[in-house]
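Now for the letters of each chain:
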Amino acid sequence: MKGKILLRFLLVMIVLMGSLWSIKKEPMKLGLDLKGGVYAVLEATPENPNEEIDSETMDSLIEVLDRRINGIGVAESVVQKAGSNRVIIELPGVKDTKEAINMIGKTALLEFKIMDEKGNLGETLLTGGALKKAQVGQGQLGDPQINFELKPEGAIKFAKITRENIGKQLAIVLDGKVQTAPVIKTEIAGSSGSISGNYTVEEAQKTAMLLNSGALPIKAEIIETRTVGASLGDESIAASMVAGKVGVGLVMLFMLLFYRMPGLIADMALICFGIINFGVINFIGATLTLPGIAGFILSTGMAVDANVIIFERIKEELRFGNTIRGAIKSGFSKGFVAIFDSNLTTLIITTILFIFGTGPVKGFAVTLTIGTLASMFTAITITRVLLDIFVEVFGVKNTKLFGVRGK
């Protein structure tokens, strides 16, 4: 018996130590509503008003936008589809709203065209889709320029273009603006080239980033922007902390007064529940939002409820004359079915919310799922370990400590 208690105790300690390590490893990621930042909605429009935008095009748009935001260096960002033709973007911690929105909405369409003597541009011969990578370099005079490398198929086309147009100007056009138009003196068989356009270092870096992220596959306009102040997040966190402390304090007091020793154990298990919950959230890199905090608080109630179910079963067994050891074993056995059923239905709901919900709803679903699983672990394992230690190790035999009058 004591061997089983020891194994369970070691399991609990491993989980708790791992959770504490995860919490201390790095600060928890906070969402837009807690950290402040920029919220934007983009609407995609097809070239032909009579056409509909297919899901594949929207997925490509989201992929390009996601690469751009990663290039800007925004952590915990959210880029998600809303409806059939809209994209919601959340940029926590971003202060320069105008610059961020400008970077997101740029087309970044790179084209190679032949320019005639009058400066007129011909048809597009090669696009940025042939680009492998772009990076900032220096020209002959030390001025910033953009060095690019083409994909193998792009290099073959580029060589053909230069071979067939020797003596003509090759215009490199970005978003409809000619960046440079050198004269082709010979066939360029290599896969690399450069773009010079009187760039500053910062402009060259941003342009290279846009080229690497790719051009938007469809026209998308920003129809809504909103700046969320960090002060709102601070107030929300402060209010949530006060509400959480008051709520948890009252629950712990109730459990202690009503269930005596098991109530004390439930309070200890509740503290462990909080550590495990936040440890897992931090470990998987989930972003904590206000709906997420709501999910945590709801799962806290479920954790307490699971202990209440078990303790009531134990008290029933003790009233029927069962021994403390037998009552604990029977109480956990009978209580497990009710706890498992209720938590299983919750997990089914959170799965549906995660699959079909948007950002805040998904955040709620994630924290509630983690909290539900953590509540089951604390009720079934941690509470059981603590009860076994009190009874088997410390030799607790008095039924009054379980809220039952001795006979």
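Structure shown above.
The subject of this paragraph is the nonpolar core. Ranked by size, the top nonpolar core spans 40 residues in total, and within it F311, I314, I328, I382, L387 and F402 carry the most contacts. Only α1 (2-25), α7 (230-259), α8 (261-283), α9 (290-319), α10 (324-356) and α11 (359-393) provide two or more residues apiece to this core. Broken down by element, this core gets its largest block of residues, eleven residues, from α11.

Where burial is concerned, most of strand β1 (residues 37-45) is hidden: seven out of the nine residues are buried. Where β1 meets strand β3 (residues 86-92), seven bridges bridge the pair, whose relative direction is antiparallel. Bridging from a neighbouring strand, E43 pairs with R86 of β3. Across nine bridges, β1 lies against strand β11 (residues 219-228) in antiparallel orientation. For T45, the partnering residue across the bridge sits in β11 and is K219.

Further remarks concern a nonpolar patch on the surface. On the surface, a cluster of nonpolar side chains totalling about 880 Å² of accessible area is made up of F336, V337, F340, L344, I348, I352, F354, I355 and F356. Relative to the helices and strands, I355 resides in helix α10. Residue classification places I355 among the exposed residues on the basis of a relative accessible area of 54%.

We now examine the sheet that holds strand β8 (residues 169-174). Read across the open sheet, the four strands follow the order β5-β4-β8-β9; overall the sheet is antiparallel. Looking along the sheet, the strands with just one partner apiece sit at the ends: β5 (121-127) and β9 (177-180). Strand after strand, the sheet turns through a mean of 40° between neighbouring axes, direction not considered. Here three bridges tie β8 to β9, and the two strands are oriented antiparallel to one another. Paired with I172 across the bridge in β9 is T180. Relative to the sheet, helix α5 (residues 152-164) contacts β4 (110-115), β5 and β8, its axis offset from that of β5 by approximately 150°.

With antiparallel pairing, the four strands of this open sheet are ordered in space as β2-β3-β1-β11. Pairing within the sheet leaves two strands with one partner each, and these edge strands are β2 (78-82) and β11. Pairs of neighbouring strands in the sheet enclose a mean axial angle of 20°, with direction left out of account.

What follows covers α10. For α10, spanning 33 residues, the distance from its first C-alpha to its last is 47 Å, which sits close to the expected 48 Å at 1.5 Å a residue. Helix geometry: α10 is bent most strongly at F336, by close to 30°. All of the buried residues in α10 are I324, A327, I328, S330, G331, F332, G335, I339, N343, T346, L347 and T350.

Take the packing of α9 against α10 next. Axis separation between α9 and α10 bottoms out at 7 Å; the angle between their running directions is 145°. You can see that α9 and α10 cross each other, and the crossing is right-handed. When α9 is examined against α10, the residues M302, A306, I309, I310, R313, I314, E317 and L318 are found in contact with a partner set consisting of I324, A327, I328, S330, G331, F332, K334, G335, A338, I339, N343 and T346. Taken together, the residues that form the contact of α9 with α10 break down as twelve nonpolar, five polar and three charged.

A word on the packing of aromatic side chains. Given two aromatic rings, their pairing is described by the distance between the two centres and the angle made by the two planes. Tallied over the entire structure, the rule returns five aromatic pairs. Between the aromatic rings of F112 and F158, the centroid separation amounts to 5.7 Å while the plane-to-plane angle is 70°, which identifies the pairing as edge-to-face. Residue F112 is located in strand β4, and its partner F158 is located in helix α5; the two are separated by 46 residues in the primary sequence. Since its relative accessible area comes to 1%, F112 is described here as buried.

Between two packed helices, both the angle of their axes relative to each other and the distance between the axes serve to describe the pair. Orientation of α8 relative to α9, taken along the N-to-C sense of each, is 145°, at an axis distance of 10 Å. Where α8 crosses over α9, the handedness of that crossing is right-handed. Contacts between α8 and α9 involve P262, G263, A266, L270, F273, G274, N277 and F278 from the first element and F296, S299, T300, A303, V304, N307 and F311 from the second.

Right, let's talk about the environment of G335 for a bit. Tracing the backbone through its elements, the reader meets G335 in helix α10. On the basis of relative accessibility, which here comes to 0%, the residue G335 falls in the buried class. Considered as a pair, G335 and I314 are 21 residues apart in the sequence and their alpha carbons are 9.0 Å apart. Apart from the residues lying within four places of it in its own chain, the contact partners of G335 are I309 and R313.

Conventions used here
- Residues numbered from 1 in each chain as written.
- Predicted model: local features only at pLDDT ≥ 70, side-chain atom pairs only at ≥ 80, totals over all residues.
- Heavy atoms only, no water.
- Core = buried A, V, L, I, M, F, W, Y, C linked by side-chain atoms within 4.5 Å.
- Buried < 20%, exposed > 50% of the residue type's maximum accessible area, 1.4 Å probe, protein only.
- Helix = DSSP H or I, 4+ residues; strand = E, 2+ residues; numbered from the N terminus.
- Pairing = 2+ DSSP bridges.
- Patch = residues over 30% accessible without salt bridge, like charges linked within 9 Å, V, L, I, M, F, W, Y side chains within 5 Å.
- Areas by Shrake-Rupley, 256 points an atom, 1.4 Å probe, with all protein chains shown as cover.
- Salt bridge = Lys/Arg side-chain N within 4 Å of Asp/Glu carboxyl O.
- Axes fitted to C-alpha atoms, helices over the stretch in contact; angles between N-to-C directions.
- Contact = heavy atoms within 4.5 Å.
- Expected span 1.5 Å × (residues − 1).
- Bend = angle between axes of the 7 residues up to and from the residue.
- Left-handed = near helix turned anticlockwise from the far one by under 90°.
- Nonpolar A, V, L, I, M, F, W, Y, C, P; charged D, E, K, R; others polar.
- Phe/Tyr/Trp six-rings, centres within 6.5 Å; stacked < 30°, edge-to-face > 60°.

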